[in-house]
Amino acid sequence: QQKLVDERKKLETEKGKFSDQQTALQRWHDRGRINSINEQLQDPKLDAKTKQQLTAEKKKLARGLLSTTKSYQQFDERWGDTIYGKDKSYTTMTEAGCGPTALAMMMDFRDQEDPEGQHSRGVKDPYTPRKMADYATRHGRVKGNGTDGATMMNDLEASFPGFSGNTLNNRTNATTSLRNGIPVMFLGHNITGHGADGENVSPYAGHFMLLNGVSDDGKSYSVHDGGRNNTRNIHNIDSNQLDGQVTNYWNVNHTP
């Protein structure tokens, strides 16, 4: 009996070595299925019942993918006190690193879908806010004014082959991205949202955050707030709080 127990432990250990790759393969499969459903939904001859079934399946797949979005904080002790910029005259990640923090969440998410990516090779936290800040220091960092989101996203592919930044321009396109299971970064000015208790939090003067879910009616969005602290920690945001307060929306494409 002990021999069988030892053999089982050995097999479980071997299986564990490939768990990250199995997860990536499943996510890759789910992404392909969403793309396939989108193609089927374009068929004008599709009957109402089949359309409803496909839409429900797509919603389930998208929510499952979005639920795996990693939440990073710019004040994390691993990088919060480090300089975000070319020299010590720049401010720290805690003070100005919301842009690369939101980008790190999107990069990490997309890599999780690559069967040959960093996650599938067992690399932990391959795209941290610190790594993305090192990139953004040369591609978007603006001294005294945070990050130029357009530059940070437009230059992405040259530094990270296979990844590309997309400008979504409006909330409608951002919602479509979320319904396809792809998180969205946005830059808001004088923007507020709701905390875990449902109450409004103090507004941010200028802040990058991540949308990682949307309600069926498109009026409420779940948020990963990389800059949360004791007084400001946005968990969700209403459509009317986004409209008029957001400079732009972006997401990341990845071709394995």
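One can find the structure itself at the top, above this paragraph.
Please read all numbers here as calculations on a predicted model, not as lab measurements.

Caption draft 1: Molecular detail of the environment of Asp217. Considering the arrangement of structural elements, one finds Asp217 in the loop between β3 (204–214) and β4 (220–224). Of the residues examined, Asp217 reaches a relative accessible area of 53% and is grouped as exposed. Asp217 sits 48 residues away from Asn169 along the chain, and the two C-alpha atoms are 20 Å apart. A polar contact is formed between the side chain of Asp217 and the side chain of Ser215, at a distance of 2.5 Å. Engagement of the side chain of Asp217 in a polar contact is seen with the backbone nitrogen of Lys219, the distance being 3.0 Å.

Caption draft 2: Quick look at the pairing of strand β6 (residues 246–254). With 7 of its 9 residues buried, β6 lies for the most part within the structure. Pairing between strand β1 (residues 163–167) and β6: 5 bridges, direction antiparallel. Each bridged residue has a counterpart across the sheet, and for Ser164 the counterpart in β6 is Asn253. Two elements, strand β2 (residues 184–191) and β6, share 4 bridges in a ladder whose sense is antiparallel. Its bridge partner lying in β6, Leu187 is registered against Asn248.

Caption draft 3: Expanded view of the pattern of salt bridges. The tally for this structure, following the rule as stated, stands at 12 salt bridges. In this structure, Glu113 engages Arg31 in a salt bridge whose closest nitrogen and oxygen atoms are separated by 2.8 Å. With Glu113 in the loop between α5 (98–111) and α6 (129–138) and Arg31 in helix α2 (residues 19–41), this residue pair connects regions lying 82 residues apart in the sequence. The exposure class assigned to Arg31 is buried, which follows from its relative accessible area of 10%. Arg78 serves as the salt-bridge partner of Asp125, at 3.2 Å between the closest nitrogen and oxygen. Of the two residues, Asp125 is situated in the loop between α5 and α6 and Arg78 in the loop between α3 (48–66) and α4 (93–96); the sequence distance between them amounts to 47 residues. On the basis of relative accessible area, Asp125 is assigned to the buried category, the value being 16%. On the basis of relative accessibility, which here comes to 48%, the residue Arg78 falls in the partly exposed class. Linked by salt bridges that have partners in common, Lys70, Asp76, Arg78, Asp108 and Asp125 make up one network.

Caption draft 4: Region of interest: the packing of aromatic side chains. Scanning all chains against the criterion turns up 6 aromatic pairs. Ring geometry for Tyr127 and Phe163: centres 5.5 Å apart, planes at 65°, overall edge-to-face. Of this pair, Tyr127 sits in the loop between α5 and α6 while Phe163 sits in strand β1, and the two are 36 residues apart along the sequence. Taken individually, Tyr127 and Phe163 each receive the classification buried, so the pair is uniform in this respect. Their ring planes at 70° and their centres at 5.5 Å tell us that Tyr135 and Phe160 sit as a pair that is edge-to-face. Pair noted here: Tyr135 is in helix α6 and Phe160 is in the loop between α8 (156–159) and β1, with a separation of 25 residues, a long-range link. A single burial state applies to Tyr135 and to Phe160, both of which are buried. Ring-pair connections join several aromatic residues into one group, and the members of that group are Tyr127, Tyr135, Phe160 and Phe163.

Caption draft 5: Spotlight on the packing of α5 against α6. At a minimum axis separation of 8 Å, α5 and α6 run at an interaxial angle of 115°. When the axes of α5 and α6 are compared, the crossing they make is right-handed. Contact residues: α5 offers Pro100, Thr101, Leu103, Ala104 and Met107, while α6 offers Pro129, Met132, Ala133 and Tyr135. The residue makeup of the contact of α5 with α6, split by class, is 8 nonpolar, 1 polar and no charged.

What counts and how
Residues numbered from 1 in each chain as written. Predicted model: local features only at pLDDT ≥ 70, side-chain atom pairs only at ≥ 80, totals over all residues. Heavy atoms only, no water. Helix = DSSP H or I, 4+ residues; strand = E, 2+ residues; numbered from the N terminus. Buried < 20%, exposed > 50% of the residue type's maximum accessible area, 1.4 Å probe, protein only. Polar contact = N/O pair within 3.5 Å; in protein donor to acceptor, adjacent residues only side chain to side chain. Pairing = 2+ DSSP bridges. Salt bridge = Lys/Arg side-chain N within 4 Å of Asp/Glu carboxyl O. Phe/Tyr/Trp six-rings, centres within 6.5 Å; stacked < 30°, edge-to-face > 60°. Axes fitted to C-alpha atoms, helices over the stretch in contact; angles between N-to-C directions. Left-handed = near helix turned anticlockwise from the far one by under 90°. Contact = heavy atoms within 4.5 Å. Nonpolar A, V, L, I, M, F, W, Y, C, P; charged D, E, K, R; others polar.

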